[in-house]
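Residue strings, one per chain:
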Amino acid sequence: MNTDRITNTLVELCEIPSPSRCERPVADYILSRINSLGLDTVEDNAGDDLNGDTGNIIVRVDGKSSSSLLLTAHMDTVMPVGGLPDRINVNITDGVVHTDQNSILGADDKAGIAIALEVLHHRVETSNDMHPLEIVFTVQEEIGARGAAYLDKDSISAEQGFVLDGDTPVGTVIVSAPHKLRYDLVARGVAAHAALEPEKGINAIKAMSAVVTELPCGKIDSNTVTNYGIVKGGNATNVIPDIVELIGELRGHDLDHVQHVQKQIEETAHRVLESSGASAEIVWTELYPGYSVSLDELCIRYFVSACNKFNMQVDYITTDGGGDANPLNGSGITCVPFGLGMKAIHTNQENIRLADLHKAFHLLLECVTL
Ligand SMILES: [Zn+2]
């Protein structure tokens, strides 16, 4: 590892704002770095098809075994309330990379990109003793892992891999993440003049408020959690509102139980709304599938032997969040998010220790080396 290079790469990447759908400047940085190594890249059509300015970027390098490994890192960052500055001021204090606290740092996931680029440098500059690698820089992770879901899995030969994205400590992998669904519930009542003919109306806000008090919300059990977070409806105080929309989500590790809670939400919505003369329409959207990776899988075995080599304790984490690993596992590529040690992600206090970045690189390199 070239310590200065990986550090500079991280700083340069973090200085470039790249909120979801606007990944182009970071993609161009990555492309120029990869092209300077004499490697070819492919960019898919995710930019056009997902209303962004950039597609997923794929680079392949050959290796000394017959089985490829997939590495991914996402190019987008969250868009904080208040937006992002044109250039992010990045500082290093006592070995910790951070901003001037006027914006996020974006180490989520520029740290993953910096590590992936350093792996490519290492592969080109040293004798080849690695697995063949397929490295994918994805778009739109922060708005529902859309780039990874879009990726043409038939174009990927790797069956195992690592998602270089994690605010968990170095030495951890996330082996289980929940299924996530969204629901859009519409209550339909009857509009009427609120003063002249109130008896002719069915107030959808009132009907929906009765549903809200009965719908499951919060932690259902240790495996399942649901929340309603958006409500829309009504136009004027002198009109009985006829349409109200409630938008919520449901996450769970056990698909059977997720489907049970889903039915419970539907049954409650229909029963309560129809009892007041309103009607219910509910539409479910699967945002991403859940996954559970067995400890016998090859990627886990590589990870454990790498940790053993560095005398690091191995920790397996179950999360209630989600990311690129969800759709990738859902499409048959067994992969786990790889802890990089980034902290306070999605806030202006976001930071990462260079020692963690360097340790994560060494650990990953060991995982992909024969
Ligand atoms: Zn991330």
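Residues numbered from 1 in each chain as written. Predicted model: local features only at pLDDT ≥ 70, side-chain atom pairs only at ≥ 80, totals over all residues.

### Details of the overall build of the protein
Alright, step 1. What the protein contains, in helices and strands, is ten helices and 19 strands.
Alright, step 2. Each principal axis of the C-alpha atoms in the protein carries an extent, and together these give about 85 × 45 × 40 Å.
Alright, step 3. Relative to its full complement of 370 residues, the protein shows a buried share of 44%.
Alright, step 4. Sequence-distant contacts, at least 24 apart, represent 78% of the contacts inside the protein between residues at least 6 apart. (Helix = DSSP H or I, 4+ residues; strand = E, 2+ residues; numbered from the N terminus. Buried ≥ 20, exposed ≤ 12 C-beta atoms within 10 Å, placed from the backbone. Contact = placed C-beta atoms within 7 Å.)

### Observations concerning the sheet that holds strand β5 (residues 96-99)
Alright, step 1. As summarised here, the arrangement of the three strands in space is β4-β5-β19, forming an open sheet in which the pairing is antiparallel. Both outer strands of the open sheet, β4 (90-93) and β19 (352-353), are each paired with one neighbouring strand and no more.
Alright, step 2. The pairing of β5 with β19 spans two bridges and is classified as antiparallel. Bridging across to β19, Val96 finds its partner in Arg353. (Pairing = 2+ DSSP bridges.)

### Some details on the pairing of strand β9 (residues 179-188)
Alright, step 1. Within β9, seven of the ten residues are buried, which leaves it mostly tucked inside the rest of the structure.
Alright, step 2. Here ten bridges tie β9 to strand β14 (residues 243-252), and the two strands are oriented antiparallel to one another. Paired with Arg188 across the bridge in β14 is Ile243.
Alright, step 3. As defined by bridge partners, β9 adjoins strand β15 (residues 279-288) across nine bridges and the pair is classed as antiparallel. Note that in β15 the partner of Ala187 across the bridge is Ala280.

### Re helix α1 (residues 3-15)
Alright, step 1. A rise of 1.5 Å per residue sets the reference length of α1, with its 13 residues, at 18 Å; its end C-alpha atoms lie 19 Å apart and thus fit the reference within 8%.
Alright, step 2. Among the residues making up α1, those that are buried are Ile6, Thr9, Leu10, Leu13 and Cys14. The buried residues of α1 occupy one face: seen down the axis, they fall within an arc of 125°. Seen from the open side of α1, the exposed residues pointing more than 90 degrees away from its buried face are Asp4 and Asn8.
Alright, step 3. Against α2 (24-36), β4, β5, α4 (107-125) and α10 (354-368) lie the buried residues of α1. (Expected span 1.5 Å × (residues − 1). Arc of directions from axis to C-beta.)

### Focus on the domain arrangement of the protein
Many authors give the size of an interface as the accessible area that is lost as the parts come together.
Alright, step 1. Taken as a whole, the protein is organised into domain 1 (3-177 + 290-368) and domain 2 (179-288).
Alright, step 2. On a C-alpha basis, the centres of domain 1 and domain 2 stand 38 Å from each other.
Alright, step 3. Contacts between the two partners involve ten residues from domain 1, matched on the other side by eight residues from domain 2.
Alright, step 4. Examining the composition of the side of domain 1 that touches domain 2, we find that three residues originate from one element, helix α9 (residues 325-330), more than from any other.
Alright, step 5. Of the residues that constitute the side of domain 1 that touches domain 2, the class distribution is three nonpolar, six polar and one charged. (Domains from an automatic or database assignment. Nonpolar A, V, L, I, M, F, W, Y, C, P; charged D, E, K, R; others polar.)

### A closer look at helix α8 (residues 298-309)
Alright, step 1. Helix length check: α8, at twelve residues, gives a terminal C-alpha distance of 17 Å against a target of 16 Å (1.5 Å per residue), a fit within 8%.
Alright, step 2. Restricting attention to buried positions, one finds in α8 the residues Cys299, Tyr302, Phe303, Ala306 and Cys307. The arc that holds the buried residues of α8, viewed along the axis, is 130°, so those residues lie on one side. For α8, the exposed residues set more than 90 degrees away from the buried face come down to Ser305 and Asn308.
Alright, step 3. Against the buried residues of α8 lie β7 (160-163), β8 (172-177), β18 (334-337) and α10.

### Here we look at the sheet that holds β15
Alright, step 1. Taken in spatial order, the five strands line up as β11-β12-β14-β9-β15 in an open sheet, and their pairing is antiparallel. Pairing within the sheet leaves two strands with one partner each, and these edge strands are β11 (218-221) and β15. Averaged over all pairs of adjacent strands, the angle between their axes in this sheet comes to 20°, without regard to strand direction.
Alright, step 2. Sheet analysis places β11 next to strand β12 (residues 224-233), joined by three bridges and oriented antiparallel. In the sheet register, Lys219 faces β12, and the bridge partner there is Val225.
Alright, step 3. Across the sheet, helix α6 (residues 204-214) lies against β9, β12 and β14, angled at about 20° from β14, the strand it touches most.
Alright, step 4. The strands that helix α7 (residues 255-275) touches are β9, β11, β12, β14 and β15; relative to β15, the one it contacts most, it runs at about 160°. (Axes fitted to C-alpha atoms, helices over the stretch in contact; angles between N-to-C directions.)

### Focus on the packing of α4 against α10
Geometrically, a packed helix pair is captured by the angle between its two axes and the distance between the axes.
Alright, step 1. Orientation of α4 relative to α10, taken along the N-to-C sense of each, is 50°, at an axis distance of 10 Å. Comparing the axis directions of α4 and α10 gives the class oblique. Once α4 is placed against α10, the crossing between them reads as right-handed. On α10, the residues that touch Ala111, Ala114, Ile115, Glu118, Val119 and His122 of α4 are Leu357, Ala360, Phe361, Leu364, Leu365 and Val368.
Alright, step 2. Of the residues belonging to the contact of α4 with α10, the class tally is ten nonpolar, one polar and one charged. (Parallel < 35°, antiparallel > 145°, perpendicular 65-115°, else oblique. Left-handed = near helix turned anticlockwise from the far one by under 90°.)

### Focus: unusual backbone geometry
Working note: non-glycine residues mostly have negative phi, and peptide bonds are mostly trans.
Alright, step 1. Along the chain, Asp108 connects to Asp109 via a cis peptide bond; the corresponding omega equals 20°.
Alright, step 2. In this structure, Asp109 sits in helix α4.
Alright, step 3. One non-glycine residue, Arg21, adopts positive backbone phi at about 80°.
Alright, step 4. Of note, Arg21 is situated in the loop between α1 and α2.
Alright, step 5. For Arg21, a count of 19 C-beta atoms within 10 Å gives the class partly exposed.
Alright, step 6. Of note in the backbone geometry, Asn51 takes a positive phi value of approximately 55° without being a glycine.

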